[in-house]
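# Chains, contacts and geometry: an overview
Spelled out, the chains give:
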Amino acid sequence: MKQTFDIGGELTVRRLGFGAMRITGEGIWGWPKDRDAAKRLLRRAVEIGVNLIDTSDAYGPETSEYLLAEALHPYEGVVIATKGGLERSGPDEWSTNGRPEHLRIACHNSLRRLEVERIDLYQLHAIDDDVPLEESVGALVDLQKEGKIRHIGVSNFPVPALERAQKIAKIVTVQNRFNLSDRKHEAVVDHCEAHGIGFIPWYPLATGALTGSDELEALARKYDASAGQIALAWLLRRSPVMLPIPGTSSIEHLEENFAAEGVALSDEDFEALS
């Protein structure tokens with residue numbers, strides 16, 4: 001099984017990345033209790049070979065991007081993917097804003113916080129039902145033409161919306177919720193595989209909820225692995241375009257997650273889980 005994927009045909013990343021949502025405060029709001037620990041976690045991720053880190057201006061808001069810059073700038077060999085299109089009014093509160101003028105400001109602010117002149121992968125965080133999809137994606141195309149964005153991705157998109165976006169932009173990644181127990185977006189995974197688009201499953205471990213499964217626990221014993229590692233190994237096996245981004249605030253959990261690359265599920269066990 002190939003362990004790397006070429007985003008946009010040119011940015012080679014390890015397929016198992018890191019989601020930087022949970023390095024923020026409780027409710028994905030504000031700073032973490034220990035900023036230095038969060039930065040040590042990010043540096044450790046890079047040390048063990050992670051070179052795809054996903055964040056958003058909405059995580060904190062802003063604090064995740066600031067921490068990435070403090071810990072990792074100038075990001076040598078690391079692809080930083082961020083997103084715009086959601087706004088925050090408080091802990092665990094999210095609202096969409098896909099207006100072109102908002103996305104332009106959001107992108108420029110992410111450039112400033114990340115301390116870069118161009119963002120490798122900029123994603124529309126969600127569809128705004130009050131704004132034509134073509135206008136939201138079109139704003140990212142304009143930013144790409146200006147050299148502010150290298151590649152464009154989308155998040156929380158069903159297939160019909162993805163096909164609309166593809167008519168006006170080269171979409172290189174799709175980030176939707178997907179894990180062993182939530183496969184609503186199977187059709188999106190298949191569409192991405194058919195078109196060479198990276199699929200970034202968010203919530204890949206359902207925040208630990210999957211680890212209570214008897215079947216997963218049995219397989220974990222069989223492979224001398226954790227249940228979470230089995231769940232990640234299944235995702236990696238599900239499609240060659242799958243780019244899981246498990247997040248954590250613990251170095252121990254980080255290292256456990258990335259050991260999932262070494263778990264090779266048999267055909268029989270993969271099919272049983274599928």
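Residues numbered from 1 in each chain as written. Predicted model: local features only at pLDDT ≥ 70, side-chain atom pairs only at ≥ 80, totals over all residues. Heavy atoms only, no water.

### Some remarks on the overall build of the chain
The helix and strand inventory of the chain stands at ten helices and eleven strands. The globule rule puts the C-alpha radius of gyration for 274 residues at 19 Å, and the 18 Å found for the chain is close to it. With the C-alpha coordinates aligned to their principal axes, the bounding extent of the chain is approximately 55 × 40 × 35 Å. In the chain, 73% of the contacts between residues at least 6 apart in sequence involve partners at least 24 apart. A total of about 11,700 Å² of accessible surface is found on the chain, and carbon and sulfur atoms cover 47% of it. If you average the places of the 30 positive and of the 43 negative side-chain charges in the chain, the two averages end up 3 Å apart. (Helix = DSSP H or I, 4+ residues; strand = E, 2+ residues; numbered from the N terminus. Rg over C-alpha atoms; globule rule 2.2 N^0.38 Å. Contact = heavy atoms within 4.5 Å. Areas by Shrake-Rupley, 256 points an atom, 1.4 Å probe, with all protein chains shown as cover. Lys, Arg positive; Asp, Glu negative; His and termini not counted. Charge placed at Lys NZ, Arg CZ, Asp CG, Glu CD.)

### Re the nonpolar core
In terms of nonpolar packing, the biggest core is built from 83 residues, with Phe 18, Ile 53, Val 174, Phe 199 and Ile 230 touching the most fellow members. Sort the elements by how many residues they give to this core and helix α8 (residues 227–238) lands first, with seven residues. (Core = buried A, V, L, I, M, F, W, Y, C linked by side-chain atoms within 4.5 Å. Buried < 20%, exposed > 50% of the residue type's maximum accessible area, 1.4 Å probe, protein only.)

### As for helix α5 (residues 159–166)
Turning to α5, its buried residues are Val 159, Ala 161, Leu 162 and Ala 165. Seen end-on, α5 carries its buried residues on one side only, within an arc spanning 160 degrees. On its buried face, α5 is in contact with α4 (133–145), β9 (149–155), β10 (171–177) and α6 (186–195). (Arc of directions from axis to C-beta.)

### Describing the sheet that holds β9
Taking strand neighbours across the sheet as the criterion, the seven strands line up as β3-β4-β5-β8-β9-β10-β11 in an open arrangement whose pairing is parallel. At either margin of the open sheet sits one strand with a lone partner, and together these are β3 (18–19) and β11 (198–202). For β3 and strand β4 (residues 52–54), the ladder comprises two bridges, and the chain directions are parallel. Note that in β4 the partner of Phe 18 across the bridge is Ile 53. Strand contacts of α4: β8 (119–124) and β9, with the helix running at about 160 degrees to β9, the strand carrying the most contacts. (Pairing = 2+ DSSP bridges. Axes fitted to C-alpha atoms, helices over the stretch in contact; angles between N-to-C directions.)

### What about the pairing of strand β6 (residues 86–90)?
Within a regular beta strand, the side chains point alternately toward one face of the sheet and then the other, so they alternate between its two faces. Here three bridges tie β6 to strand β7 (residues 93–96), and the two strands are oriented antiparallel to one another. The partner of Gly 90 across the bridge, within β7, is Glu 93. Counting the residues that bridge the hairpin from β6 to β7 gives two residues, and of these Asp 92 lies at a positive phi of roughly 60 degrees.

### Considerations on the layout of surface pockets
In this structure, the largest pocket encloses a volume near 700 Å³. Residue lining of the largest pocket: 29 residues in total, with Met 21, Arg 22, Tyr 59, Trp 202 and Tyr 203 positioned closest to the centre. Split into classes, the residues belonging to the lining of the largest pocket amount to 13 nonpolar, twelve polar and four charged. Computed from the structure, the second largest pocket encloses a volume of approximately 200 Å³. (1 Å grid on protein atoms, 1.4 Å probe; cavity = no way out; pocket = protein on both sides within 12 Å on 5 of 7 lines; lining within 4 Å. Points joined across faces, edges and corners; volume = space filled by probe spheres on them. Nonpolar A, V, L, I, M, F, W, Y, C, P; charged D, E, K, R; others polar.)

### Looking at α8
A turn of α-helix holds 3.6 residues, and therefore any two residues three or four places apart point the same way. The end-to-end C-alpha distance of α8, which contains twelve residues, comes to 17 Å, matching closely the 16 Å that a straight helix rising 1.5 Å per residue would cover. Among the residues making up α8, those that are buried are Ala 227, Gly 228, Gln 229, Ile 230, Ala 231, Leu 232, Ala 233, Trp 234, Leu 235, Leu 236 and Arg 238. Structurally, α8 contributes buried residues whose contacts are with α6, β11, α7 (214–223), α9 (251–258) and α10 (267–273). (Expected span 1.5 Å × (residues − 1).)

None of this, on its own, says anything about what the molecule does.
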